[in-house]
Amino acid sequence: MASCSSPDFSLEGRWVVDELNFDFDERRNTPEMISQIGQEESKDELIFRNDSIVYIKMLTYEGNYRYAINEKSEITFEDATSDNNKLGILKNNKIYSEQNTVIGKMRIVFVKSENLKIWKPENFLRFYETHQLHIVNYGNVAKNSW
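Throughout what follows, the structure given in this document is the object of discussion.

**Let's talk about the environment of E19**
- Mapped onto the elements of the fold, E19 is located in strand 1 (residues 13-24).
- Spatially, the C-alpha atom of E19 lies 9.4 Å from that of Y96, the residues being 77 residues apart in sequence.

**Here we look at the nonpolar core**
- L11, W15, L46, F48, I56 and I95 are the most contacted members of the largest nonpolar core, which has 25 residues in total.
- Elements that contribute at least two residues to this core include exactly strand 1, strand 2 (45-48), strand 3 (53-57), strand 4 (62-69), strand 5 (74-77), strand 6 (86-91) and strand 8 (104-112).

**Concerning the pattern of salt bridges**
- Scanning the model with the defined rule gives seven salt bridges in all.
- Note that K86 and E74 form a salt bridge whose closest N and O atoms lie 3.8 Å from each other. On the criterion of sequence distance, the pair formed by K86 in strand 6 and E74 in strand 5 is long-range, its members being 12 residues apart.
- Here E98 makes a salt bridge to K105, at a shortest N to O gap of 3.4 Å.
- Residue E98 is classed as partly exposed on the basis of its relative accessible area, which comes to 39%.
- Accessibility expressed as a relative area gives 27% for K105, which makes it partly exposed.
- If you follow the salt bridges from partner to partner, you end up with D23, E98, K105 and R107 in one network.

**Some words on the environment of G38**
- The topology assignment puts G38 in helix 1 (residues 31-41).
- Between the alpha carbons of G38 and L20 there is a distance of 7.4 Å; along the sequence they are 18 residues apart.

**Describing the packing of aromatic side chains**
- With the rule as written, the count across this model stands at five aromatic pairs.
- Both rings, one in W15 and one in F48, keep their centres 6.2 Å apart while their planes meet at 75 degrees; by these two values the pair is edge-to-face. With W15 in strand 1 and F48 in strand 2, this pair connects stretches of sequence that are 33 residues apart.
- The interplanar angle of 80 degrees and the centroid separation of 4.9 Å between the aromatic rings of F48 and Y67 together place this pair among those described as edge-to-face. With a gap of 19 residues between them, F48 in strand 2 and Y67 in strand 4 connect regions that are remote in the sequence.
- For F48, a relative accessible area of 2% translates into the label buried.

Rules of the game
- Residues numbered from 1 in each chain as written.
- Predicted model: local features only at pLDDT ≥ 70, side-chain atom pairs only at ≥ 80, totals over all residues.
- Heavy atoms only, no water.
- Helix = DSSP H or I, 4+ residues; strand = E, 2+ residues; numbered from the N terminus.
- Core = buried A, V, L, I, M, F, W, Y, C linked by side-chain atoms within 4.5 Å.
- Buried < 20%, exposed > 50% of the residue type's maximum accessible area, 1.4 Å probe, protein only.
- Salt bridge = Lys/Arg side-chain N within 4 Å of Asp/Glu carboxyl O.
- Phe/Tyr/Trp six-rings, centres within 6.5 Å; stacked < 30°, edge-to-face > 60°.

Below you can see the structure in the form of structure tokens.
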């Protein structure tokens, strides 16, 4: 298993969306459409069942997949139907995932569900001048750590 900030850290368990960002072209996508997709993507989750199986629940994937984590803390999964099998990078007990989608680049930060500090049931939507949609499900807006 990859090293993290704690020697007792384990990937096993349920991981949920903590932050969701989109970079999108407003000439091709409406803020309403991005918001709707963001609301759906904010329900994404990863359930690491053991040291080799992860259940992925996302708009583009749903099911059990074999996964591996390398010495750079990059998490990949086996999927014969896709060229992009990178799930994300494990850093500071968070998983940072980046995907190219039809609407633009999407960045998701997953946290282990037991690590959540503050629960707020609503999503906070923020539009930036750079045409980014930023959705935060839990807690306050975290500093950009990409």
